[in-house]
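# Structure assessment
Read off the chains here:
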Amino acid sequence: MKLLTLNFLTCAIKTCKGSPASFPLHPRDSELEIIETDINLPFLKNILPRLTWDAVRTISTELGLPELPATAPTREDLVEPSSTSEDDAEEVPTQVAKDLHRLLLETCVKEGKLVCGCCEHEYQVKEGVANFLLPGHLV
Amino acid sequence: MSRPEDILPPDLFYNDSESRKYTTSSRIQRIQSDMTHRALDMLDLTSPSMILDVGCGSGLSGEILSASDEDGTPGGPHVWIGFDISASMLGVALEKEVEGDLFLADAGQGVPFRAGTFDAAISISAIQWLCNAETSEDSPAGRLSRFFNGLYASLRRGGRAVCQFYPKNDEQKQMVSSAAVKAGFGAGLLEDDPGTKNAKTYLVLTVGGGDTDGDITGVVRGMDGVDVQDSRRRGRDRHGKDVKGSKAWILRKKEQQESRGKVVKATSKYTGRKRRIQW
Ligand SMILES: C[S@@+](CC[C@H](N)C(=O)[O-])C[C@H]1O[C@@H](n2cnc3c(N)ncnc32)[C@H](O)[C@@H]1O
Ligand SMILES: [Zn+2]
């Protein structure tokens, strides 16, 4: 599971809906892996304003990854200034974009669990797949 | 013909052998691919987007979402997250090393993503299953309402969803679309080849606000009278090629990526072999 996904996933349990502590879920005992993919600059530009930067930082710290700057990069930070263009395909990613791609789209939780900070429910992750099936009484 | 929903719960119906049979059937691959392209036409995406695939199965739609615009996916390559209730189906998706993230989850229990996560959602041949409840505490109405409420919240304002499904009858069609409307969606039903045994029903859903046309009448009006595009032409005549998902196919894909300097998963005795996560 990509770290990007962790920036959007919340606890599924009914009583946690709307509780601030149910996001982000906290990775525990996790094994990470890198799965490389082509950088997709237009996607990064699209998703950037939707990220909760504080959660990106929290998760990185919890996973023992290098510390991130306190404030999120902006769209302008992702594109080499000389290449800015109407046509997305012409634009060249900066090092900031490459680092963000590495962190959010290539760094994956392979094994472990995700724990809700509100109800402490643990969601298992195996082979990168998280199990979100709930027993009926928690739905 | 009997409907699978009337026989078994989905996670039991789509067991290891059925999931494999389903995914390797070239007839099913073609039909699911055509419907995915049809749904993408209605989503009208113009740039790489964040997409949810509900009941993603073995990733037949996902592989299309991950393809680039030049390869026939409008606005692609997209980033997608898929969930499905069948561990066997997800096992087949893992074997194919699809690019989207996978979850084992029941759409009838909700959609566990924060508000405004997705640009769009797609669901192909899955949500008719929500009209069945497997336990006495649960009901089809409850399952549909949790699903559509969760879906509505997880889409960004101005977002869209297209759900192709196989309603059992008109009553079921109405039950599904009215549950979507109750959750806040603008909803339209589109039918391809109505009245034939190839009839396909698409529930087209819009979330108001935002920059795209949230007015459902606009979307469906635009589609009216549009002939079904023959996505087969765009597609992949696989004659003489490795069967998608086969070991040979995976190895070829890996080689291509490696030659472009990518780190790929080490080929192991598991590559292209049966995988099923034991939960
Ligand atoms: C006909 S298959 C379609 C799979 C895929 N969308 C495709 O087009 O190839 C139907 C899928 O819906 C899934 N499904 C059924 N009920 C579900 C539920 N409540 N939540 C999530 N997935 C479900 C099944 O496990 C199965 O993989
Ligand atoms: Zn919780």
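- In the nomenclature of an unreviewed UniProt entry, chain B is known as S-adenosyl-L-methionine-dependent methyltransferase of Aaosphaeria arxii CBS 175.79.
- Turning to chain B, the UniProt annotation filed under Sequence similarities (unreviewed entry) states: "Belongs to the class I-like SAM-binding methyltransferase superfamily. BUD23/WBSCR22 family."

- Identification of chain A as Trm112p-domain-containing protein from Aaosphaeria arxii CBS 175.79 is taken from an unreviewed UniProt entry.
- Quoted verbatim from the Sequence similarities (unreviewed entry) field of UniProt, the annotation for chain A is "Belongs to the TRM112 family."

### A closer look at the interface of chain B and chain A
- Counting from both sides, the interface comprises 36 residues of chain B and, opposite them, 35 residues of chain A.
- Buried surface at the junction of chain B and chain A, summed over both partners, amounts to about 3,200 Å²; 57% is from carbon and sulfur atoms.
- Applying the counting rule to chain B against chain A returns two salt bridges.
- The salt bridge partner of R50(A) is D119(B), with a shortest N-O separation of 2.7 Å.
- One can count 18 residue pairs in polar contact (both at pLDDT 80 or more) joining chain B with chain A.

### Some remarks on the packing of helix α3 (residues 16-24) of chain B against helix α4 (residues 26-43) of chain B
All names here are of chain B.
- Where α3 contacts α4, the two axes come as close as 5 Å, and the packing angle between them is 70°. Considering their axes alone, α3 and α4 lie roughly perpendicular with respect to each other. Residues Y22, T23 and T24 of α3 pack against S26, I28, Q29 and Q32 of α4.

### With respect to α4(B)
Residues and elements named next belong to chain B.
- Between its first and last C-alpha atoms α4 spans 25 Å; for 18 residues at 1.5 Å apiece the expected length is 26 Å, and the two agree.
- With 13 of its 18 residues buried, α4 lies for the most part within the structure.
- In the segment just after α4, D44 is the residue with positive phi, at about 60°.

### Observations concerning the pattern of salt bridges
- Tallied over the entire structure, the rule returns 21 salt bridges over all chains.
- Residues R102(A) and E36(A) are paired through a salt bridge, measuring 2.9 Å at the closest nitrogen-oxygen approach. Of the two residues, R102(A) is situated in helix α5 (residues 95-106) and E36(A) in the loop between β1 (26-34) and α2 (41-47); the sequence distance between them amounts to 66 residues.
- With a relative accessible area of 35%, R102(A) lands in the partly exposed category.
- By relative accessible area, which is 16% here, E36(A) ends up buried.
- In this structure, D6(B) engages K168(B) in a salt bridge whose closest nitrogen and oxygen atoms are separated by 3.2 Å. Residue D6(B) is located in helix α1 (residues 4-7), and its partner K168(B) is located in the loop between β5 (155-165) and α8 (170-182); the two are separated by 162 residues in the primary sequence.
- A relative accessible area of 44% places D6(B) in the partly exposed class.
- A residue is classified by how much of its surface remains accessible, and K168(B), at 45% relative accessible area, is partly exposed.

Calculation criteria
- Residues numbered from 1 in each chain as written.
- Chains lettered and ligands numbered in written order.
- Predicted model: local features only at pLDDT ≥ 70, side-chain atom pairs only at ≥ 80, totals over all residues.
- Heavy atoms only, no water.
- UniProt positions renumbered as here; feature names shortened; annotations may be inferred.
- Contact = heavy atoms within 4.5 Å.
- Buried area = accessible area lost by both parts, 1.4 Å probe.
- Salt bridge = Lys/Arg side-chain N within 4 Å of Asp/Glu carboxyl O.
- Polar contact = N/O pair within 3.5 Å; in protein donor to acceptor, adjacent residues only side chain to side chain.
- Axes fitted to C-alpha atoms, helices over the stretch in contact; angles between N-to-C directions.
- Helix = DSSP H or I, 4+ residues; strand = E, 2+ residues; numbered from the N terminus.
- Parallel < 35°, antiparallel > 145°, perpendicular 65-115°, else oblique.
- Expected span 1.5 Å × (residues − 1).
- Buried < 20%, exposed > 50% of the residue type's maximum accessible area, 1.4 Å probe, protein only.

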